[in-house]
Amino acid sequence: MTKLFALIFSVAVFTGCNNKQDHSMNHSGSDSTQASVTNDHSVDIAAIMKADSAWDKASEAKSAEGWLSFYTDDAIVMPPGEKVCKDKASREASIKGMFAIPGASLRFQTTNVDISKMGDMASAVGVYQWSSKDAAGQDYHETGKYCEIWKKQANGNWKCNVDIWNADPAK
């Protein structure tokens with residue numbers, strides 16, 4: 001529970017710190033010249049939006065392997081109603097189990113991406129729509145929200161390092 005609290009606290013701090021509007025930083029060199037470092041992360045934001053869109057396409061195809069390919073090797077996944085998945089085997093079992101539910105359909109859309117000032121971490125939030133059959137074979141529909149923490153890989157690609165989602169309140 002302490003590790004989970006630390007993770008949630010870190011996400012909150014990361015997201016809160018990322019909401020500042022300062023996109024450039026000026027500093028003086030020893031020879032009095034001015035250098036400007038810009039924090040224009042529009043390319044990274046576009047890359048994460050594109051990756052999340054491809055992830056949604058893997059979800060539409062009910063491809064557990066495709067879905068799992070968007071996670072880092074050490075990703076932490078927190079699906080609703082399940083224990084935290086901290087290793088590859090538990091992530092795989094959870095995602096395969098999700099797509100094995102009769103009538104399973106999961107679609108999602110990222111609504112916001114924030115990149116850290118260092119440009120190596122990002123948060124993405126969005127909404128999802130889930131449909132399946134319940135135990136009685138009746139149609140079940142759910143909407144919800146998610147938060148992802150993305151990590152830039154050594155090759156410049158982005159992968160999801162933390163993934164959590166949960167349902168909206170029943171209407």
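Everything in this summary refers to the structure shown in the same document.

Membership of the largest hydrophobic core comes to 29 residues, with the highest contact counts inside it found for W67, Y71, I95 and W150. Within the residue set of this core, elements represented by two or more residues are α2 (42-60), α3 (64-68), β3 (71-78), α4 (88-100), β4 (105-115), β5 (121-133), β6 (139-152) and β7 (158-167). Ignoring sequence-local partners within four residues, the contact set of W67 consists of W55, A58, S59, I95, M98, F99, L106, F108 and D163.

Quick look at the sheet that holds β5 now. In space, the five strands of this open sheet follow the order β3-β7-β6-β5-β4, with mixed pairing throughout. Of all strands in the sheet, those with a lone pairing partner are β3 and β4, marking the two edges. Pairwise comparison of adjacent strand axes, ignoring direction, gives a mean angle of 20° for this sheet. Its contacts with the sheet put α2 on β3, β4, β5, β6 and β7, and the angle it makes with β4 is roughly 170°. Most of the contacts of α4 go to β3, to which it runs at about 60°, and overall it touches β3, β4, β5 and β7.

The next point concerns the packing of aromatic side chains. In the structure shown here, the tally under the stated rule is nine aromatic pairs. Summarising the aromatic geometry, the rings of F108 and Y146 are spaced 5.7 Å apart at their centres and angled 80° between planes, so their arrangement reads as edge-to-face. Within this pair, whereas F108 is found in strand β4, its partner Y146 is found in strand β6, the two being separated by 38 residues in sequence. Through pairs of rings, three or more aromatic residues link up here, namely W55, W67, F70, Y71, F99, F108, Y146, W150 and W165.

It is worth spelling out the pattern of salt bridges at this point. The tally for this structure, following the rule as stated, stands at seven salt bridges. In this structure, the salt-bridge partner of R107 is E60, at a minimum N-O distance of 3.2 Å. In this pair, R107 sits in strand β4 while E60 sits in helix α2, placing the two residues 47 residues apart along the sequence. The class of R107 is partly exposed, set by a relative accessible area of 24%. For K133, the salt bridge goes to D139, with nearest N and O atoms at 2.5 Å. Given a relative accessible area of 35%, K133 falls into the partly exposed group. Within the structure, one salt-bridge network assembled from shared partners comprises D56, E60 and R107.

Criteria and cut-off values
- For every chain, the first residue of the written sequence is number 1, and numbering continues from 1 onward in sequence order.
- Predicted model: local features are reported for residues with pLDDT of at least 70 only, side-chain atom pairs are reported and counted for 80 or more only, and whole-chain, interface and lining totals are derived from all residues.
- Heavy atoms throughout the structure, all of them, feed into the side-chain values; hydrogens and water do not.
- In this description, a nonpolar core means a group of buried Ala, Val, Leu, Ile, Met, Phe, Trp, Tyr and Cys residues linked to one another through side-chain atoms lying within 4.5 Å.
- Buried means the residue's accessible area, taken with a 1.4 Å probe over protein chains only, is under 20% of the maximum for its type, while exposed means over 50%, and partly exposed covers the values in between.
- Under the scheme used here, helices are H or I runs from DSSP no shorter than 4 residues and strands are E runs no shorter than 2 residues, and both carry numbers assigned from the N terminus.
- Note on contacts: a residue pair qualifies if any of its non-hydrogen atoms lie within 4.5 Å across the two residues.
- A pair of strands is considered paired only if DSSP assigns at least 2 bridges between the two.
- Angles run from 0 to 180 degrees between N-to-C directions of axes, and those axes are lines fitted to C-alpha atoms, restricted for helices to the stretch in contact.
- Whether two aromatic rings pair depends on their centres lying within 6.5 Å, for rings of Phe, Tyr and Trp, where Trp uses its six-membered ring; planes under 30 degrees apart make the pair stacked, over 60 edge-to-face, and the rest tilted.
- Counted as salt bridges are all cases of a side-chain nitrogen of Lys or Arg within 4 Å of a carboxyl oxygen of Asp or Glu.

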